[in-house]
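Structural description and commentary
Chain by chain, the residues:
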Amino acid sequence: VFANVVRAPEDPILGVTVAYNKDPSPKKLNLGVGAYRTEEGKPLVLNVVRRAEQMLVNDTSRVKEYLPIVGLAEFNKLSAKLIFGVDSPAIQENRVTTVQCLSGTGSLRVGAEFLARHYHEHTIYIPQPTWGNHPKVFTIAGLSVKTYRYYSPETRGLDFQGLLDDLNAAPSGAIVLLHACAHNPTGVDPTPEQWEQIRQLMRSKGLLPFFDSAYQGFASGSLDEDAQSVRMFVSDGGECLVAQSYAKNMGMYGERVGALSIVCKSADVAVRVESQLKLVIRPMYSNPPIHGASIVAAILKDSHMYHEWTVELKAMADRIISMRQKLFDALQARGTPGDWSHIIKQIGMFTFTGLNAQQVAFMTKEYHIYMTSDGRISMAGLSSQTVPLLADAIHAAVST
Ligand code: LMR
């Protein structure tokens, strides 16, 4: 009965890891998926995460009952505080509903399903380019996806005028996906002044912001700084949605821990919105897993562990920033043709190199370096030892 099933292509990002795993070369380097690696090229479990996990394991009073449909209440409260700020009026006024979801993707999907059922406008504008999974998540939830200009290949920076023009031309009420910080894949963010202009335009047109916050603390090293864009939109009293992920900032990738928050106009609306979110979640996966969220909650609620987390987080962010400088210096030293200053200007996990699909294919074939075909490299996957190899490969790719 399945004889006519067509073989689907691999995922453009996760498929890079599939190809990497098949490569027998000892030199191979995976700069595809955004996953942090140490200087030794190893995945990192934060010390504070290990400690929190150990504490939970030692506590024999803990059971493995089902969580409520909306997840762990304590985790939800702490997650809202983390993104909106401890003294957020929206939280104090009980206008925020937060539900635990399966990391960033699951939060986006639940939010999108809710909007498709309960929001009058079904068009969502996403930046061009954006994370490859965004259009799929929104389309499958029943939203209609359009793009707004974001990145200028000429300047390798923000196409701010294009962004404003496209949002200005969007129908009133349309949903707009915004990357809270460290835009994926470009590493290009608006300045605070530009964010303020975006906010004013969106509020004046009644556009609904849906933030994807996958890198809080990971871009600048400061949890507050990386939440500024979101907080700007919340402090004006208007509505918004936020999808939060703990994959990167706590290194909890495989635990799938995240949260969806919907900021409403009143406490009464928030209660009704939450009741409908439960109807979205229950037939999808019933209720979320308990383990990862318990670890996150343990860290967020304990001031010592929280502090330890911020130190480890900053160390990851700083290592990535230092990789940017090292790669830039290595290309300068080789006299690689072109202007590579965008490597140090862009922020977050990725550099959008400007290399084209052919150049990427060349680097994979000749140098066993794996990256997405749009020329995005995960700076978090680089180390001092592998920078020269990458610089050699880029130099050869642009010189041939
Ligand atoms: C990425 O963009 O590499 C990450 O967000 C991982 C993923 O799921 O694609």
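Residues numbered from 1 in each chain as written. Predicted model: local features only at pLDDT ≥ 70, side-chain atom pairs only at ≥ 80, totals over all residues.

Focus on the domain arrangement of the chain
Entries for the chain in the domain assignment read domain 1 (14-45 + 317-399) and domain 2 (73-301). Between domain 1 and domain 2, the C-alpha centre-to-centre distance is 28 Å. Listed by partner, the interface residues are 18 residues for domain 1 and 19 residues for domain 2. Those elements that provide at least two residues to the side of domain 1 that touches domain 2 are α12 (303-334) and β11 (350-352). Across the side of domain 1 that touches domain 2, the residue classes break down as nine nonpolar, six polar and three charged. (Domains from an automatic or database assignment. Contact = placed C-beta atoms within 7 Å. Helix = DSSP H or I, 4+ residues; strand = E, 2+ residues; numbered from the N terminus. Nonpolar A, V, L, I, M, F, W, Y, C, P; charged D, E, K, R; others polar.)

Side note on the site of the ligand
Surveying the vicinity of the ligand reveals the residues Ile13, Val33, Gly34, Trp131, Asn133 and Asn184. Considered class by class, the residues forming the shell around the ligand number three nonpolar, three polar and no charged. (Near = placed C-beta within 6 Å.)

What to know about the sheet that holds strand β9 (residues 240-245)
Spatially, seven strands are ordered β2-β10-β9-β8-β7-β3-β4 in an open sheet, and the strand pairing comes out mixed. Each edge of the sheet is formed by a strand with only one pairing partner; in this case those strands are β2 (96-102) and β4 (144-149). Going across the sheet, the axis of each strand differs from the next one's by a mean of 25°, ignoring polarity. Two strands pair when backbone bridges link them, and β2 and strand β10 (residues 257-263) are joined in this way by seven bridges, in the antiparallel orientation. Bridged to leucine 102 within β10 is valine 257. Running at roughly 30° to β10, helix α5 (residues 103-118) makes contact with β2, β7 (175-179), β8 (208-213), β9 and β10 of the sheet. (Pairing = 2+ DSSP bridges. Axes fitted to C-alpha atoms, helices over the stretch in contact; angles between N-to-C directions.)

Concerning helix α14 (residues 357-367)
When α14 is considered as a whole, its buried residues turn out to be Val360, Met363 and Thr364. Buried residues of α14, viewed axially, fall in a sector of 95°; they line one side. Turned more than 90 degrees from where α14 packs its buried face, Gln358 and Lys365 sit exposed. One or two steps after α14, the chain reaches histidine 368, where phi turns positive at roughly 60°. (Buried ≥ 20, exposed ≤ 12 C-beta atoms within 10 Å, placed from the backbone. Arc of directions from axis to C-beta.)

Points about the UniProt feature "domain: Aminotransferase class I/classII large" (unreviewed entry) in the chain
In the numbering adopted here, UniProt assigns the feature "domain: Aminotransferase class I/classII large" (unreviewed entry) to residues 27-394. Helix and strand shares over residues 27-394 are 45% and 15% respectively, and the end C-alpha atoms of the span are 16 Å apart. (UniProt positions renumbered as here; feature names shortened; annotations may be inferred.)

As for the pairing of β4
Examined bridge by bridge, strand β3 (residues 123-128) and β4 share six bridges and lie parallel to one another. Note that in β4 the partner of threonine 123 across the bridge is serine 144. Handedness of the β3-helix α6 (residues 134-140)-β4 crossover: right-handed. (Right-handed = clockwise from strand over helix to strand, strands pointing away.)

Quick notes on the nonpolar core
Grouped together as the largest cluster of nonpolar side chains are 120 residues, with contacts concentrated most on Val176, Phe211 and Val296. If one sorts the elements of this core by residue count, α12 sits on top with nine residues. Per-domain counts for this core show at least three residues from each of domain 1 (14-45 + 317-399) and domain 2 (73-301). Once you skip the residues sitting within four places of it in the chain, phenylalanine 211 turns out to touch Leu178, Ala180, Val230, Cys240, Leu241, Val242 and Ala243. (Core = buried A, V, L, I, M, F, W, Y, C linked by C-beta atoms within 7 Å.)

Here we look at the packing of α5 against helix α10 (residues 267-285)
Where α5 meets α10, the closest approach of the two axes is 10 Å, and the angle between their N-to-C directions is 115°. Two packed elements cross with a definite hand, and for α5 against α10 that hand is right-handed. Together, Val110, Glu113, Phe114 and His118 of α5 and Gln276, Leu277, Val280 and Ile281 of α10 make up the contact between the two elements. (Left-handed = near helix turned anticlockwise from the far one by under 90°.)

Thoughts on the pairing of β8
Among the six residues that make up β8, five are buried, leaving the element largely enclosed by the rest of the structure. Sheet analysis places β7 next to β8, joined by five bridges and oriented parallel. Of the residues in β8, the one forming a bridge with isoleucine 175 is leucine 208. Note on the crossover from β7 through helix α8 (residues 192-205) to β8: the handedness is right-handed. With four bridges connecting them, β8 and β9 associate as parallel partners. By the bridge assignment for β9, phenylalanine 211 is matched with valine 242.

Looking at unusual backbone geometry
A negative phi holds for most residues other than glycine; trans holds for most peptide bonds. Look at the link from glutamine 128 to proline 129: it is a cis peptide, with omega at 5°. Considering the arrangement of structural elements, one finds proline 129 in the loop between β3 and α6. Here the residue pair asparagine 184 and proline 185 is connected by a cis peptide bond, since its omega of 15° sits within 30 degrees of zero. Backbone geometry at alanine 182 places phi at a positive 50°, although glycine is not the residue there. By secondary structure assignment, the location of alanine 182 is in the loop between β7 and α8. For arginine 256, which is not glycine, the phi dihedral falls at a positive 55°. The topology assignment puts arginine 256 in the loop between β9 and β10.

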